[in-house]
Amino acid sequence: MARRYDPERRQRIIDAAIRVVADKGIAGLSHRSVAAEADVPLGSTTYHFKTLDELMVAALRQANEGFAKALTASGLLEDAEGDLAADLARVMGEWLGGDRAGVELEYELYLAALRRPALRPVAAEWTEETAERLARRTDPVTARALLALMDGICLQVLLTGAAYDEQYAREVLGRVIPRSAAGVALTGG
């Protein structure tokens with residue numbers, strides 16, 4: 001029997017892996033569960049992804065695009081005059097208020113790097129790229145502090161089920177941002 005050419009199969013497998021993690025968590029992810037979800041033979045998953053870690057790396061890369069896209073789409077990185085704390089608080093609120101399952105999935109895959117060393121470089125890439133984006137509006141140290149604070153706020157909301165408090169986020173983010181980068185003109189003195 002001739003092999004059918006299927007250029008979309010690899011992407012379907014990644015999408016299926018993301019759905020499996022969303023439904024069953026990291027513990028439910030296996031080549032077999034992904035093959036069933038993607039409706040492909042088990043051999044297809046192992047052909048495209050020799051190990052489960054390779055599949056998780058691909059899924060993490062794709063899932064990590066959520067917040068980065070929200071950040072880029074907001075335009076706040078290009079608005080040097082805007083209130084950075086308010087803009088970041090708003091974007092976090094929109095992101096958390098959107099596809100909650102997608103946000104949870106993104107964090108679950110991101111945090112899986114704690115136990116899976118193969119995922120650490122992808123998590124680090126995301127952190128570096130996002131910090132570089134934020135550094136366009138502030139300095140590199142402040143950008144990393146903002147990213148850590150935003151991660152903490154998002155994790156607290158996700159883990160406790162508490163409502164996102166945009167005013168609180170704005171206030172604490174504003175405490176980290178130097179006045180010169182916050183969209184506030186410095187006065188002499």
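For the structure itself, look to the data block above.
Residues numbered from 1 in each chain as written. Predicted model: local features only at pLDDT ≥ 70, side-chain atom pairs only at ≥ 80, totals over all residues. Heavy atoms only, no water.

Undergrad: Break down the overall build of the chain for me, citing the residues and quoting the values.
TA: Scanning the chain for helices and strands turns up 10 helices and 0 strands. Its helices and strands taken in sequence order, the chain reads α-α-α-α-α-α-α-α-α-α from the N to the C terminus. If one aligns the C-alpha atoms of the chain with their principal axes, the spans along those axes are about 80 × 30 × 25 Å. Looking at the chain as a whole, 43% of its 189 residues qualify as buried. (Helix = DSSP H or I, 4+ residues; strand = E, 2+ residues; numbered from the N terminus. Buried < 20%, exposed > 50% of the residue type's maximum accessible area, 1.4 Å probe, protein only.)

Undergrad: Now, about the layout of surface pockets: what can you tell me, with residues and values included?
TA: The calculated volume of the second largest pocket comes to roughly 170 Å³. Lining the second largest pocket, in full, are L60, R61, N64, E65, A68, K69, V122, E125, W126, E129, T130 and R133. In terms of residues, the lining of the second largest pocket owes the most to one element, helix α8 (residues 120-135), which gives 6 residues. Here the residues of the lining of the second largest pocket sort into 4 nonpolar, 2 polar and 6 charged. (1 Å grid on protein atoms, 1.4 Å probe; cavity = no way out; pocket = protein on both sides within 12 Å on 5 of 7 lines; lining within 4 Å. Points joined across faces, edges and corners; volume = space filled by probe spheres on them. Nonpolar A, V, L, I, M, F, W, Y, C, P; charged D, E, K, R; others polar.)

Undergrad: Describe helix α10 (residues 166-176), naming the residues involved and giving the relevant values.
TA: Owing to its 3.6 residues per turn, the α-helix aligns residues three or four sequence positions apart on the same side. Among all positions of α10, only A169, V172 and L173 are buried. Taken down its axis, α10 places every buried residue within 100° of arc, on the same side. Residues Q167 and R175 are exposed on α10 and point more than 90 degrees away from its buried face. Against α6 (84-97) and α9 (140-160) lie the buried residues of α10. For α10, the capping residue at the N-terminal end is D165, with a side-chain oxygen 3.2 Å from the backbone nitrogen of Q167. (Arc of directions from axis to C-beta. Contact = heavy atoms within 4.5 Å. Polar contact = N/O pair within 3.5 Å; in protein donor to acceptor, adjacent residues only side chain to side chain.)

Undergrad: Summarise helix α5 (residues 65-74); cite the residues concerned and give the values.
TA: Listed in full, the buried residues belonging to α5 are F67, A68 and L71. What you see down the axis of α5 is that its buried residues fit within an arc of 100°, all on one side. Turned more than 90 degrees away from the buried face of α5 sit K69 and A73, all of them exposed. Just downstream of α5 lies G75, where phi reads positive at about 80°.

Undergrad: Which residues make up the environment of G75, and what values do they have?
TA: With respect to the secondary-structure elements, G75 resides in the loop between α5 and α6. Residue G75 is classed as partly exposed on the basis of its relative accessible area, which comes to 26%. With 61 residues separating them along the chain, G75 and R136 place their C-alpha atoms 12 Å apart.

Undergrad: Any chance you could break down empty space enclosed by the protein for me, citing the residues and the numbers?
TA: Summed over all chains, the structure comprises 1 cavity of 30 Å³ or more. In terms of lining, the largest cavity is formed by N64, F67, W95, E106, Y107, Y110, W126, L147, M150, D151 and C154. Those elements giving two or more residues to the lining of the largest cavity turn out to be α7 (100-111) and α9. Per-element accounting of the lining of the largest cavity gives the leading share, 4 residues, to α9. When the residues that make up the lining of the largest cavity are grouped by side-chain class, the tally is 8 nonpolar, 1 polar and 2 charged.

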